[in-house]
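Listed below are the residues making up each chain.
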Amino acid sequence: MVFELKQGSHRAFDAIYEKYSRRLYLYCFQYVKNAEETEEIVQDVFVKLWTSREKIKQEETLSSLLFIMSKNSVITAYRKNMRSPIYAEYVENQEFCSQERSDQWLEYSEFVKQLNTILETFPKTQRRVIELSRIQGLDNKSIAAQLCISEQTVKNLSSTGIKALRDQLKGFPTIFLALLLMN
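Bear in mind that the values here come from a model prediction, so they are computed numbers and not experimental data. (Residues numbered from 1 in each chain as written. Predicted model: local features only at pLDDT ≥ 70, side-chain atom pairs only at ≥ 80, totals over all residues. Heavy atoms only, no water.)

(A) Representation of the overall build of the chain in the model. Counting its secondary structure elements, the chain contains ten helices and zero strands. When the elements of the chain are put in sequence order from the N terminus, they spell out α-α-α-α-α-α-α-α-α-α. Contacts in the chain between residues at least 24 apart in sequence constitute 58% of all its contacts with a sequence separation of at least 6. Of the roughly 11700 Å² of accessible surface on the chain, a fraction of 53% belongs to carbon and sulfur atoms. (Helix = DSSP H or I, 4+ residues; strand = E, 2+ residues; numbered from the N terminus. Contact = heavy atoms within 4.5 Å. Areas by Shrake-Rupley, 256 points an atom, 1.4 Å probe, with all protein chains shown as cover.)

The following block contains the structure:
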């Protein structure tokens, strides 16, 4: 099957995907704990497998290659999350929130949880625009290029998304909203 894959066989690729995708998903999910992110990691692994299929040297050990690729992708995703501004705010809030201020820590945790829940209800493109602009800090031009949409569409999706977030997160302290909404 690996030989056929190296020759560009879509049938062989599909068979490999069917054989390994579920196991890779379960392996990655135990570390990532997020279904959507886990699916993206597994898809990326198979895209990398396809694009580098001609370089595969391990004819009999495709399984180990796929799991190594998955492990590296999980590590990359973890590092990306560590650099996220929301994670940085979380760390700063950890330092800020001592035992006496555990109620503020719980409030912040609830805010992040509620924010993620609300974002899950947004259409996929709008959710990506909000994540890229407010969480990863990208500018509209970069977001437009990455998502293959116009800058005006990015502005519109961002504007309506932020308004919806502001409306749905009214009950939280202003400092949390300011951290999310400032740009």
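(B) Local environment of the packing of helix α8 (residues 140–147) against helix α9 (residues 151–168). Two elements in contact, α8 and α9, have axes separated by 8 Å at closest approach and are oriented at 105°. Our classification of the angle between α8 and α9 gives roughly perpendicular. Counting all contacts with α8, which are made through N140, K141, I143 and A144, the residues of α9 involved are E151, V154 and K155. When grouped by side-chain class, the residues that make up the contact of α8 with α9 number three nonpolar, one polar and three charged. (Axes fitted to C-alpha atoms, helices over the stretch in contact; angles between N-to-C directions. Parallel < 35°, antiparallel > 145°, perpendicular 65-115°, else oblique. Nonpolar A, V, L, I, M, F, W, Y, C, P; charged D, E, K, R; others polar.)

(C) Unusual backbone geometry, seen in detail. Positioned with a positive phi, K33 is a non-glycine residue whose angle comes to about 65°. Following the sequence through the fold, K33 ends up in the loop between α2 (10–32) and α3 (35–51). Although it is not a glycine, C148 adopts a positive phi angle of roughly 60°. In this structure C148 comes out as exposed when scored by relative accessible area, which is 71%. (Buried < 20%, exposed > 50% of the residue type's maximum accessible area, 1.4 Å probe, protein only.)

(D) Highlighting the nonpolar core. Formed by 22 residues in total, the largest nonpolar core has its most connected members in I16, F46, L49, L62 and L66. At the level of secondary structure, the elements contributing two or more residues to this core comprise α1 (2–6), α2, α3 and α4 (62–82). For this core, the element with the highest residue contribution is α2, accounting for eight residues. Grouped together as the second largest cluster of nonpolar side chains are eleven residues, I118, I130, I135 and L169 included. (Core = buried A, V, L, I, M, F, W, Y, C linked by side-chain atoms within 4.5 Å.)

(E) Layout of the packing of α2 against α3. Where α2 meets α3, the closest approach of the two axes is 9 Å, and the angle between their N-to-C directions is 140°. Judged by the twist between their axes, the crossing of α2 over α3 is right-handed. Contact with α2, carried on its side by H10, F13, I16, Y17, Y20, S21, L24, Y25, C28, F29 and V32, involves A35, E37, T38, E39, I41, V42, V45, F46, L49 and W50 of α3 and no other residues of that element. Class assignment for the residues of the contact of α2 with α3 results in 16 nonpolar, three polar and two charged. (Left-handed = near helix turned anticlockwise from the far one by under 90°.)

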